[in-house]
Amino acid sequence: MPLRPRVVEDVTRADPTVAKRLGELGVATVHEAAGRTGLMHGIGAVTPGLAMGGTAVTCLNYAGDNLMVHAALALCEPGDVLVVGVLSPSSHGMFGELLATSARARGVRGVVLDAGVRDVAALRAMGFPAWAKTIGAAGTEKALPGWVNVPVSCGGTVVFPGDVVVGDDDGVVVVGREDAAEVLERAEARVAREEGTRARLQAGELGLDIYGLRERLPQGNVGGVG
């Protein structure tokens, strides 16, 4: 990380159509299709029932100061997801209803924070997709220059500008920009396979038999079959 604050305006983004489709397929499916990589930890849905898939615009902030969140929003384009990192642990409410209003006006699909979010009732009422480490009412300063569109850590996962960010009630997963198309192909294939599996389960077959798991058990005839 460069010592001097820096704002990078030019970002090479993943294909927005690919990002949107990954968002439709959901976090669990995408995480599996990506080789079980990219999942954020400790980041939960603040606005349950909402989902999104978009391209990352990142910012790195000092704890308790959200100046660079404002700067990052100025560079967001329709289809982007704002990813907010901090230099040290913070429970401050670094994003709230007013910033969500600005983000929505710019076509931002959602926000993910490795810090706190506030105005939760308002965010839920307006249906703005948000994921965060915590909910915190404490306000922030807007005084310390930081970084925009540099790699940031969020939920223990590194996010590069332009990566695909997918969020739903299961959490948030990140897919590298260069891997997004391949992961989408794998995710679509996984969904197709699961359709067949679902039909067999509905017909009464057991996962033990569909997945060939009996041989892994200490006694293969669990359930009186096999």
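A short tour of the structure in this document, coming up. Predicted model, so just to flag it, every value in this text is computed and none were measured. (Residues numbered from 1 in each chain as written. Predicted model: local features only at pLDDT ≥ 70, side-chain atom pairs only at ≥ 80, totals over all residues. Heavy atoms only, no water.)

## Let's talk about helix H1 (residues 16-25)
To keep things clear, this is the line we draw: Buried means the residue's accessible area, taken with a 1.4 Å probe over protein chains only, is under 20% of the maximum for its type, while exposed means over 50%, and partly exposed covers the values in between. A helix here means a DSSP run of H or I that spans at least four residues, while a strand means a run of E at least two residues long, and both kinds are numbered starting from the N terminus. Each C-beta atom gives one direction from the helix axis, and the arc is the one those directions make. The definition of a polar contact used here is a pair of N or O atoms within 3.5 Å, where within protein one atom must be able to donate a hydrogen and the other to accept one, and adjacent residues in sequence count solely through side-chain atom pairs.
Buried within H1 we find Val18, Ala19, Leu22, Gly23 and Leu25. Within H1, the buried residues cover an arc of 160° as seen down the axis, which keeps them to one side. Residues of H1 that are exposed and point more than 90 degrees away from the buried face comprise Pro16 and Thr17. For H1, the N-terminal cap is Asp15; the gap from its side-chain oxygen to the backbone nitrogen of Thr17 is 2.8 Å. Immediately beyond the C-terminal end of H1, within one or two residues, lies Gly26, with a positive phi of roughly 100°.

## Points about the pairing of strand E3 (residues 52-61)
Stated precisely, the cut-off is as follows: Here, any two strands with at least 2 DSSP bridges between them count as paired.
Where burial is concerned, most of E3 is hidden: ten out of the ten residues are buried. Where E3 lies against strand E10 (residues 164-168), four bridges are found, and the strand directions are antiparallel. Looking across to E10, one finds that Gly53 is bridged to Val166. Here seven bridges tie E3 to strand E4 (residues 80-86), and the two strands are oriented parallel to one another.

## Observations regarding unusual backbone geometry
One non-glycine residue, Arg36, adopts positive backbone phi at about 60°. With respect to the element layout, Arg36 can be found in the loop between helix H2 (27-33) and strand E2 (44-45). We note that Asp119 has phi near 60°; this positive angle belongs to a residue other than glycine. Of note, Asp119 is situated in the loop between strand E5 (110-117) and helix H5 (120-126). For Asp119, a relative accessible area of 37% puts it in the partly exposed group.

## Let's talk about the state of the cysteines
Quick note on the threshold: For this text, the term disulfide refers to a pair of cysteine sulfurs within 2.5 Å.
The tally for this structure, following the rule as stated, stands at zero disulfides. Cysteine Cys154 is unpaired, with the sulfur of Cys59 as its nearest cysteine sulfur at 9.6 Å.

## Remarks on the packing of H1 against helix H6 (residues 180-202)
Packed helix pairs are specified by the crossing angle of their axes together with the interaxial distance, meaning the distance between the axes. We count it as follows: Think of each axis as a best-fit line through the C-alpha atoms, taken over the contacting stretch in the case of a helix, with angles from 0 to 180 degrees between the N-to-C directions. Helix crossings fall into two classes, left-handed where the near helix is turned counterclockwise from the far one by less than a right angle and right-handed where it is turned clockwise. Two residues qualify as a contact provided that any one of their heavy atoms is within 4.5 Å of a heavy atom in the partner residue.
Two elements in contact, H1 and H6, have axes separated by 10 Å at closest approach and are oriented at 35°. Crossing handedness for the pair H1 and H6: left-handed. Across from Val18, Arg21, Leu22 and Leu25 in H1, the residues of H6 making contact are Ala180, Ala181, Val183, Leu184, Ala187, Glu188 and Val191.

## A look at the environment of Val175
Residue position: Val175 is located in strand E11 (residues 171-175). The buried category is assigned to Val175, whose relative accessible area is 2%. Between the C-alpha atoms of Val175 and Thr55, which are 120 residues apart in sequence, the distance is 9.6 Å. Those residues in contact with Val175 that lie beyond four places of it in its chain are Val30, Asp163, Val164, Ala180 and Val183.

## Description of a nonpolar patch on the surface
Inclusion rule: A patch consists of residues exposed above 30% relative accessible area that lack any salt bridge, with like charges linked at up to 9 Å and nonpolar side chains (Val, Leu, Ile, Met, Phe, Trp, Tyr) linked at up to 5 Å. What sets the accessible areas is the Shrake-Rupley method with a 1.4 Å probe; for residues, cover comes only from the shown protein chains. Salt-bridge detection follows one rule: a side-chain nitrogen of Lys or Arg within 4 Å of a carboxyl oxygen of Asp or Glu.
A cluster of nonpolar side chains, Tyr62, Leu87 and Leu144, forms an exposed patch at the surface whose accessible area comes to about 250 Å². By secondary structure assignment, the location of Tyr62 is in the loop between E3 and helix H3 (67-73).

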